[in-house]
Amino acid sequence: VGRALRQIAPRCAVQPLPMPVLNTPGDSSEAARRLADLGVACIITLGGDGTNRAVVRGCPEVPLVPISTGTNNVFPRMIEGTIAGLAAGLVATGQAPVEQAVRRVPRLDVVVNNTLHDIALIDVVLSRHAWVGARALWEPSHLREVVLSRVAAAEIGMCGLGGLLFPEAIGTDHGVHVVIGQADNAVMAPVAPGLIRPVPVESARLISPGETILLSARRGTVAVDGEREHELRDPRSIATTLNPNGPRVVDIDAAMRLGARLGAFNLHGPVGVRH
């Protein structure tokens, strides 16, 4: 932070967050907790789905401006940094009212043996692999079940399955549950950048907000948001719930529109515009 500040010499007050850095995902969760304790009004994140999941674990209520710079990038948005910063500033200063510029998005709660084990922002996947190993999910034949928090087609990874299977439900508040099956009934899906594979589907259905899916409790691993994170050793039960009360995300277009409507960009009062 210090080196960056010397290069840009900002006119606003900037402070590095005082905390130890352990170079683990827990750093993001701890930083988010500390920011929430300081009463920040908005947090900008640079990363992918995993980074944002760590931030949400630390502070689920502070509005986020998630900027896409990670490996799996469904939750964050590919947005030009100047516009992202303006939107965050409008929300933080109240010039774009939170109730209109911020929306609640769903999450998936992962419960193992009746205990909340983790959350996912985009997808929960049961893998046949018994060990975490290389965390990314590349091979559809290694998968057992997929649960998605949203229905979208124009996304990379497992998330795109929902829109390919249920195009009529794109943009609704539903999620999707897919059981991976035999290769004679498959859908071609972009499972990773530049990698299109047939995903064999045994069954698939839409799920509603608040609905809980009981998954097959076998040895393997649970992947959250595109990466295997948890090894399962003789679990009694695994379930995931589509929780509509997920993180709060700044709607950048809405924030900019509200800021303009309320005069945040007018230098010396209202500007006369003829229609």
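As shown above, the structure is provided for reference.
Since the model is a prediction, treat every value here as computed from it, not as a measurement.

The next thing to look at is helix H4 (residues 81-92). In a regular helix each residue adds 1.5 Å, so 12 residues correspond to 16 Å; H4 covers 16 Å between its end C-alpha atoms and thus fits that length. Those residues of H4 that sit buried are Ala84, Ala87, Ala88, Leu90 and Val91. Seen along its axis, H4 keeps its buried residues to an arc of 160 degrees; they face one direction. Against the buried residues of H4 lie strand S1 (43-47), strand S2 (64-68), helix H5 (98-101), strand S3 (102-104), strand S15 (248-250) and helix H7 (252-261). Capping the start of H4 is the job of one residue whose side-chain oxygen sits 2.8 Å from the backbone nitrogen of Thr82: Glu80. Gly94 sits one or two positions beyond H4 and adopts a positive phi of about 80 degrees.

Time to look at the sheet that holds strand S13 (residues 227-232). In space, the seven strands of this open sheet follow the order S9-S10-S8-S7-S6-S12-S13, with antiparallel pairing throughout. Edge positions in the sheet fall to strand S9 (186-192) and S13, since each of these pairs with one other strand and no more. Taking each pair of neighbouring strands and ignoring which way they run, the sheet shows an average axis angle of 35 degrees.

A separate point is the side chain of Ser68. Among the secondary structure elements, Ser68 is positioned in strand S2. Overall, the relative accessible area of 10% leaves Ser68 in the buried class. Among all residues touching Ser68, those that are not within four sequence positions of it are Gly47, Asn73, Pro76, Arg77 and Met78.

This brings us to the nonpolar core. In terms of nonpolar packing, the biggest core is built from 20 residues, with Val146, Met158, Leu161 and Val199 touching the most fellow members. For this core, the elements supplying multiple residues, two or more each, are strand S7 (143-148), strand S8 (175-180), S9 and strand S10 (195-207). Sorting elements by how many residues they give to this core places S9 first, with four residues. In this structure Val199 touches Pro140, Leu161, Ile180, Asn185, Ala186, Val187, Ala189 and Val191, once residues within four positions along its chain are discounted. Core analysis: the next-biggest nonpolar cluster, separate from the first, contains 17 residues, Cys42, Ala88, Leu90 and Val102 among them.

What counts as what
- Residues numbered from 1 in each chain as written.
- Predicted model: local features only at pLDDT ≥ 70, side-chain atom pairs only at ≥ 80, totals over all residues.
- Heavy atoms only, no water.
- Helix = DSSP H or I, 4+ residues; strand = E, 2+ residues; numbered from the N terminus.
- Expected span 1.5 Å × (residues − 1).
- Buried < 20%, exposed > 50% of the residue type's maximum accessible area, 1.4 Å probe, protein only.
- Arc of directions from axis to C-beta.
- Contact = heavy atoms within 4.5 Å.
- Polar contact = N/O pair within 3.5 Å; in protein donor to acceptor, adjacent residues only side chain to side chain.
- Pairing = 2+ DSSP bridges.
- Axes fitted to C-alpha atoms, helices over the stretch in contact; angles between N-to-C directions.
- Core = buried A, V, L, I, M, F, W, Y, C linked by side-chain atoms within 4.5 Å.

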